[in-house]
Amino acid sequence: MKQLELFPTVSQPIQPTGITVRPWGFDMDVEVELDEGEPPGPLNPGVDPFIIVLSVKVGGVEIYEMLNDTQLLRIEAAVGRACGL
């Protein structure tokens, strides 16, 4: 009898991706880890897409540590829109 794999393992780790977004009207170079997720299936509840911001630069200057949670959420939303998530 063939056993179903309910939670298949990922064959490759998620690689960081660089993208430029403009959540406040000026360019921000953002490095993120993103996963498009999975739609629900008969034996799978699905996985929501996610975005993790790793680095934020403006004019080549790293500003990640200066950002609060609300600002990071706005950047994540801009990345999601740019990537169609």
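Residues numbered from 1 in each chain as written. Predicted model: local features only at pLDDT ≥ 70, side-chain atom pairs only at ≥ 80, totals over all residues. Heavy atoms only, no water.

Provide a residue-level description of the nonpolar core, including the pertinent values.
In this structure, Val-30, Val-32, Val-53, Val-56, Ile-75 and Val-79 are the most contacted members of the largest nonpolar core, which totals 15 residues. Contributions of two or more residues to this core are made by strand 1 (17–21), strand 2 (28–35), strand 3 (50–58) and helix 1 (69–83). (Core = buried A, V, L, I, M, F, W, Y, C linked by side-chain atoms within 4.5 Å. Buried < 20%, exposed > 50% of the residue type's maximum accessible area, 1.4 Å probe, protein only. Helix = DSSP H or I, 4+ residues; strand = E, 2+ residues; numbered from the N terminus.)

Describe the pairing of strand 1, listing the residues and the values that go with them.
Bridge count between strand 1 and strand 2: five bridges; the pairing is antiparallel. From the neighbouring strand, Thr-20 faces strand 2, where its bridge partner is Asp-29. What sits between the antiparallel neighbours strand 1 and strand 2 is a turn of six residues, in which Gly-25 has the positive phi angle 90°. (Pairing = 2+ DSSP bridges.)

Outline helix 1, listing residues and values.
If you check helix 1, its first and last C-alpha atoms are 21 Å apart, about what 15 residues at 1.5 Å a residue would give, namely 21 Å. Every buried residue belonging to helix 1 is among Leu-72, Ile-75, Ala-78, Val-79 and Gly-80, and all of these are buried. Among the structural elements, strand 1, strand 2 and strand 3 are those in contact with the buried residues of helix 1. By the N-cap criterion, in which a side-chain oxygen at the helix start approaches the backbone nitrogen of a residue two or three places on, helix 1 is capped by Asn-68, the distance to Thr-70 being 3.1 Å. Looking one or two residues beyond helix 1, the residue adopting positive phi is Gly-84, at roughly 75°. (Expected span 1.5 Å × (residues − 1). Contact = heavy atoms within 4.5 Å. Polar contact = N/O pair within 3.5 Å; in protein donor to acceptor, adjacent residues only side chain to side chain.)

Outline the environment of Asp-35, supporting the account with residue identities and numerical values.
Among the secondary structure elements, Asp-35 is positioned in strand 2. On the basis of relative accessible area, Asp-35 is assigned to the partly exposed category, the value being 26%. Measuring from C-alpha to C-alpha, the distance between Asp-35 and Leu-85 comes to 9.2 Å, with 50 residues separating the pair along the chain.

Now, about a nonpolar patch on the surface: what can you tell me, with residues and values included?
Together, Phe-50, Ile-52 and Leu-54 make up a nonpolar patch on the protein surface, roughly 220 Å² of accessible area in all. Structurally, the position occupied by Leu-54 is in strand 3. (Patch = residues over 30% accessible without salt bridge, like charges linked within 9 Å, V, L, I, M, F, W, Y side chains within 5 Å. Areas by Shrake-Rupley, 256 points an atom, 1.4 Å probe, with all protein chains shown as cover. Salt bridge = Lys/Arg side-chain N within 4 Å of Asp/Glu carboxyl O.)

Go over the environment of Phe-26, please, and point to the residues and values.
Relative to the assigned elements, Phe-26 resides in the loop between strand 1 and strand 2. As a C-alpha pair, Phe-26 and Gly-59 span 33 residues in sequence and 9.8 Å in three-dimensional space. Contacts of Phe-26, omitting those with residues within four sequence positions, involve Val-21 and Val-58.

Can you explain the sheet that holds strand 3? Please cite residues and give values.
The strand order across the open sheet built from four strands is 1-2-3-4, with neighbouring strands paired in antiparallel fashion. Each of the sheet's edge strands pairs with one partner strand only, and the pair in question is strand 1 and strand 4 (61–62). Relative to strand 4, strand 3 is paired through two bridges, and the arrangement is antiparallel. Looking at strand 4, one finds that Val-58 is bridged to Val-61. Packing of helix 1 onto the sheet brings it into contact with strand 1, strand 2 and strand 3, and relative to strand 3 it is tilted by some 105°. (Axes fitted to C-alpha atoms, helices over the stretch in contact; angles between N-to-C directions.)

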